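Single-letter residue listing:
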Amino acid sequence: MIGVNFWERLQRLDRRVIFILIAAVVAIPLIWPPRPKLQISPPTQKVFDYIEKLPPGSVVALCFDYGPSSAPELDPMAYAILRQCLTKGVKVIVMTLDITGKQMKSHALNRVVAQLEQEGVKPVAGDDYLDLPYQPGYTAVVLGMGEDVHKVFPIGTAGGKTQPIGTWPLMDRVHTMRDLSLVVDLASSNTPTMWVLYGASRFGVKVAAGVTAVMVMDYYPFLQSKQLVGLLGGMKGAAEYEQLLKKPGLGMSGMGGQKWGHLVIIAFVVVGNIGYFASRRAARRAAGAAEVG
Amino acid sequence: MPPAPPAQAFGPEATIIGIWIGALLTLAIYSFLYRDNPIYKLAEHVFVGVSAGYYVGVTFWDTVVPKVWQPLFDPFAVGRDRPDLLVIPPALLGLLIFTRFFPRASWLARMPICFVIGAGAGAAIPAAVQGLVMKHVSSTMLPLYVHDDTHKTVAAGLVGGAQNLLLIVGVISVLCYFYFSKPHKGVLGAGARFGIWLLMVAFGATFGNTVMARISLLIGRLRFLHEDWGPMVGLGPQMARGPSAQPWRFAVAGLLLLALFGVLAWHERRTGGRPTSTETEE
Amino acid sequence: MRRTLPLTITFLAGLVMFAQFFVPHKLSQDALTYMTDWMRIIGAFALVLGIGSLIQRHTGRIRQRHPDAAFSAVALLCFLGMVVLGIGWKTEEGSPFDWGFTYVFMPLDATMFSVLAFFMASAAYRTFRARTPEATLLLVASLALMFGRIPLQRALDPHLAGVAEWIMTWPATAAKRGILLGVALGSMAMSLRLLLGIERSHLGTGKE
C-alpha cells in the first residue's frame with residue numbers, strides 16, 4: 001500500500017528529473033520516427049480542398065509571419081503548401097509582415113524549389129514563384145496591397161535575381177490584393193486577424209491561416225464565421241496536411257515525440273493530482289484526530 | 001531539417017562551422033535547465049546583440065534603401081523615371097523621432113508617433129466594426145433547427161440546432177461575465193456562471209494546444225542536434241542502423257559534454273549551490 | 001501648441017483613414033496608399049530608437065563596471081558584427097548576414113522558446129490541480145484536448161480526436177467569441193478616445 005508520505009515526496013520531485021524525462025521521451029522517437037495514420041480535422045481539410053480546387057494560373061500569396069522560434073510548427077506547413085501549389089501550376093508569391101520571416105520565406109521557397117527540380121518539376125523563377133521583400137507596418141502593408149501591390153513592393157526576387165517588381169511576369173497578373181485567389185498566412189502572432197479585417201473584410205480576398213498550436217483556439221471563431229476558409233493548427237495540422245498530400249515530412253516525423261511528450265505530461269498531471277488529493281485527505285484525517293484528541 | 005546552403009562569401013566549410021556554433025549555443029541555452037550559469041548568460045547576450053543587429057540589417061536594405069534612398073536618389077532602380085518627392089515628408093517625420101534626445105526639442109518627437117497612432121486608430125475603427133463586431137454577431141445568429149446537406153434527418157437537425165443553441169447561449173453568457181457594471185445576481189449571475197464554465201473549457205482547450213506547441217519547439221531543436229550536428233559527433237540518424245564506423249566522434253561528443261558539466265560543477269562550487277537571482281525556488 | 005499640434009495630427013490622420021474607408025473615389029484610394037507608405041517609413045526610423053536604447057544600456061553597464069559588463073561587451077560586439085555584415089554584404093540567402101541568421105540567431109531564438117516545454121511540464125506537474133469545480137472542468141478539457149491531438153491506437157483515435165474537435169468547435173469557440181467581441185468593443189472605444197484626444201498617454205509625461 002502506498003503511503004501518504006510517498007505522494008508528498010513525489011510532489012516535491014526535483015524539476016530536473018521532470019526535464020530529463022521530457023527530453024528522453026521526445027528525443028527517442030526522433031531516432032526511430034513512426035509514421036502514424038492521422039485523423040484529418042475539418043479545418044485542415046478545408047485548406048487542402050480549397051487549394052486543390054484552384055485552377056492552374058491562380059496566384060496564392062503565402063505570408064511567412066513567423067520567426068525561427070515557431071519554425072518547427074510552421075515550416076512543415078509552408079513546405080507542404082508550396083509543394084502543393086507549385087506541382088499543380090498554382091503560382092506563389094511569398095512575402096512576410098514579420099521582420100524575422102524574411103529569411104524563413106527565402107529558405108523555405110529555395111528549399112522546396114530545389115527539391116521539386118530534383119523530382120523533375122521545374123517551376124519558373126519569376127513566373128511560377130516570386131519572393132517579395134519584407135516591409136514594416138503590418139496593417140499599412142495589407143492596406144497598401146489592397147490598392148496597389150506594385151507600390152508597396154518596389155522589387156521582387158526570384159532565381160537569385162532582384163529586379164523592379166513590374167519586370168517579373170508573375171506580377172502582370174497581380175496589381176491589387178483582389179487579384180490573389182488566396183492568402184495563406186502562416187503566423188505566430190495576430191497577423192491573420194489583420195489579414196481578415198483589412199484583407200478579407202475590406203477587399204474581399206480569401207484568407208486561410210496556419211498558426212501555432214497556442215493560437216489555434218483564437219481563430220476558431222473566424223472559421224465558424226467563414227472569415228477564414230480553413231485553419232492549420234500546429235505541428236499536427238502540418239502532419240495532417242502532409243498526409244493529405246501523401247508526402248510525409250517534418251510534421252509527420254514529429255508526431256512520435258508529440259505523442260510520448262503528451263502522454264508523459266498527462267501522466268504528470270494525473271500523478272500530481274492523485275498526490276494532491278492523498279495529501280489533502282491525510283491532512284483532514286490528522287485535523288479530525290487532533291480535534292477528537 | 002537539412003542544413004541551409006553554405007555562405008557563399010566563406011565557402012562550404014562555413015556550414016560545418018555554423019552547425020557547430022548552432023549546436024554549442026543550443027547546449028549553452030539548455031544548460032539553464034540545470035541552473036543559471038555563465039555559459040547561459042554568454043549565449044543570452046549573444047542573442048540580444050545578434051537579434052538587434054539582424055533587425056537593423058534587414059530594415060536598412062528592405063525599407064530605408066528601396067523606400068527612402070532609391071526613390072529620392074536612384075529612381076530608376078525602383079522603376080521610376082524621376083525622384084519621388086512625396087518620400088520627403090515621412091522621412092522628415094521619421095527624423096523628428098530623434099529630437100527626443102534633445103530636451104528642448106523633444107516635444108517634436110510626438111508628431112510621428114501621433115501620426116502613426118492616429119492613422120492606426122482611424123483604420124481600426126471601421127475594421128473592428130465590420131470585421132469583428134458585426135460579422136461575429138451575425139455569425140452567432142444561428143438556426144435552432146438545421147436542415148442542409150450534412151443534416152438530413154430530424155435527429156441530425158435537432159442535434160445541429162442544439163449545438164447552435166450552445167454557441168448562442170455561450171457567447172451571451174461570456175459577455176454577461178465580462179459585464180461588470182451591474183452585480184452578477186439573478187439572470188445575469190446565472191449567465192455569468194455559465195460563462196465561467198465555458199471560459200474554463202476554452203482555457204483548458206488552449207492549454208492542451210499549448211502543450212503541443214511547446215513540445216513542437218523542443219522537437220525542432222532536438223531534431224537539429226540529432227540530424228544536423230549528430231553526424232559530426234557520431235550521434236546522428238545513422239545510430240538507428242548500428243554502431244558508428246568512426247568511434248572518435250563519440251569521443252568528441254563525450255568530451256564536450258564533460259566540459260559542459262565541468263563548467264557547471266565549477267560554477268556550483270563557486271556559488272556554493274545558492275540559487276541566483278534568476279532562479280525561483282519551487 | 002506642444003500638445004495641441006500632436007493631438008490635431010492624431011485626429012486628422014485618424015479622420016483621413018476613417019473617412020477613406022467609406023469614400024470609393026480615386027483621391028481617397030491614393031490617400032490610403034500614401035498614408036500607409038508614410039507609416040511604413042516612420043516605422044523604420046522608430047527602430048533606430050529601440051537600438052539606441054539597447055546600446056545605451058549596455059555601454060552604461062560597461063562604464064559602471066557592472067559584474068556582467070563582459071557580457072554586455074559581447075552583446076555590443078555581436079550587434080556591431082551583424083550590422084557590418086548586413087550593411088556591408090547585403091542580406092540575401094547565402095550572404096554572411098544570412099549565415100549569422102541561420103547559425104547564430106535561429107538556434108538561439110528557437111532554443112529560448114523550446115526551453116518552455118520543460119518549464120511547462122514542471123508547472124503542469126506542480127500546479128495543475130483540480131481544487132475547485134471550475135479547475136476540474138479546465139483539467140478535464142485540457143486532458144481531452146491533449147488526448148485528441150496525438151495519434152493513438154486506431155480504435156481510440158477517431159473518437160478522441162472527434163471529442164477534441166467538438167470541444168474546440170462549439171463550447172470553446174463560444175467562449176473565444178465572447179472574448180473577441182469584448183476586445184473588439186474595447187479597442188473601438190480606445191481608438192475613439194485616441195482620436196478625440198481624451199486618451200493622451202501616447203504624448204508622454206513631458207512637462208513641455
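Please read these numbers as outputs of a predicted model, since none were measured by experiment.

Visitor: Explain the interface of chain A and chain C to me, please; I cannot follow it from the model alone.
Guide: Accessible area lost during the coming together of the parts is what is often quoted as the interface size. Across the contact, 43 residues belong to chain A and 44 residues belong to chain C. Those elements giving two or more residues to the side of chain A that touches chain C turn out to be helix H2 (15-31), helix H5 (101-118), helix H6 (139-147), helix H9 (220-224) and helix H12 (255-292) of chain A. It is H12 of chain A that provides the largest number of residues to the side of chain A that touches chain C, a total of 11 residues.

Visitor: Is there a simple way to explain the interface of chain B and chain C in this structure?
Guide: Contacts between chain B and chain C engage 104 residues on the former and 107 residues on the latter. Contributions of two or more residues to the side of chain B that touches chain C are made by helix H1 (13-30), helix H2 (38-73), helix H3 (88-96), helix H4 (110-140), helix H5 (154-177) and helix H6 (186-229) of chain B. At 24 residues, H2 of chain B tops the list of elements feeding residues into the side of chain B that touches chain C. Grouping the amino acids of the side of chain B that touches chain C by side-chain chemistry returns 74 nonpolar, 24 polar and six charged.

Visitor: For this particular structure, what's the right way to read H4 of chain B?
Guide: All names here are of chain B. Taking 1.5 Å of rise per residue, the 31 residues of H4 would be expected to cover 45 Å, and the 42 Å separating its terminal C-alpha atoms lies within 8% of that figure. Roughly 40° is the biggest bend found in H4, and it falls at Ala128. Within H4, 22 of the 31 residues are buried, leaving the element largely enclosed by the surrounding structure.

Visitor: What's the story with helix H3 (residues 69-89) of chain C in this structure? I'm lost.
Guide: Since one α-helical turn is 3.6 residues long, residues separated by three or four positions face the same way. Taking 1.5 Å per residue as the helical rise, H3 of chain C with its 21 residues ought to reach 30 Å, and the 30 Å between its terminal C-alpha atoms agrees with that figure. Buried within H3 of chain C are the following residues: Phe71, Ser72, Val74, Ala75, Leu76, Cys78, Phe79, Met82, Val83, Leu85 and Gly86 of chain C. Buried residues belonging to H3 of chain C abut H2 of chain B together with helix H2 (26-63) and helix H4 (96-127) of chain C. Directly beyond the C-terminal end of H3 of chain C, a positive phi value near 65° is found at Lys90 of chain C.

Visitor: Before we go on, may I ask you to explain the domain arrangement of chain A in this structure?
Guide: Domain annotation for chain A reports domain 1 (4-33 + 256-277) and domain 2 (42-250). Between the C-alpha centres of domain 1 of chain A and domain 2 of chain A the distance comes to 37 Å.

Visitor: Looking at this structure, I do not really get the pairing of strand S6 (residues 182-187) of chain A. What am I missing?
Guide: For a regular strand, side-chain orientation follows a simple rule: the groups alternate between the two sheet faces. Residues and elements named next belong to chain A. When you tally the buried positions in S6, you get six out of six residues, the bulk of the element. Residues Leu182, Val184 and Leu186 line one face of S6 and the alternating positions Val183, Asp185 and Ala187 line the opposite face, and both faces are buried. Pairing analysis gives six bridges linking strand S1 (residues 59-65) to S6, with the strands arranged parallel. Bridge pairing links Cys63 to Asp185 in S6. For S6 and strand S7 (residues 207-211), the ladder comprises five bridges, and the chain directions are parallel. Paired with Val183 across the bridge in S7 is Val207. With helix H8 (residues 191-203) bridging S6 and the parallel S7, this β-α-β connection has right-handed handedness.

About the thresholds
- In this convention, every chain numbers its residues from 1, walking through the sequence in written order.
- The naming scheme follows written order: chains are lettered A onward, ligands numbered 1 onward.
- Local features in a predicted model are, by the rule used here, given only for residues with pLDDT of at least 70; side-chain atom pairs are given and counted only at 80 or more, and totals for whole chains, interfaces and linings are based on all residues.
- A residue pair is marked as a contact if its C-beta atoms, positioned from the backbone, fall within 7 Å.
- The secondary structure listing takes helices from DSSP runs of H or I that are at least 4 residues long and strands from runs of E that are at least 2 residues long, numbered from the N terminus.
- Each residue is assigned to one of three groups, with Ala, Val, Leu, Ile, Met, Phe, Trp, Tyr, Cys and Pro labelled nonpolar, Asp, Glu, Lys and Arg labelled charged, and all others, Gly among them, labelled polar.
- By this rule the span expected of a helix is its residue count minus one, scaled by 1.5 Å.
- To get the bend at a residue, fit one axis to the 7 residues ending there and another to the 7 starting there, then take the angle between the axes.
- Residues with at least 20 other C-beta atoms within 10 Å of their own are called buried, those with 12 or fewer are called exposed, and the rest are partly exposed. The C-beta atoms themselves are positioned from the backbone.
- The domain boundaries here were taken from an automatic or database domain assignment.
- By this definition, two strands are paired if DSSP reports at least two bridges between them.
- Whether a crossover is right-handed comes down to one check: with the strands pointing away from the viewer, does the path from the first strand over the helix to the second run clockwise; if it does, it is right-handed.

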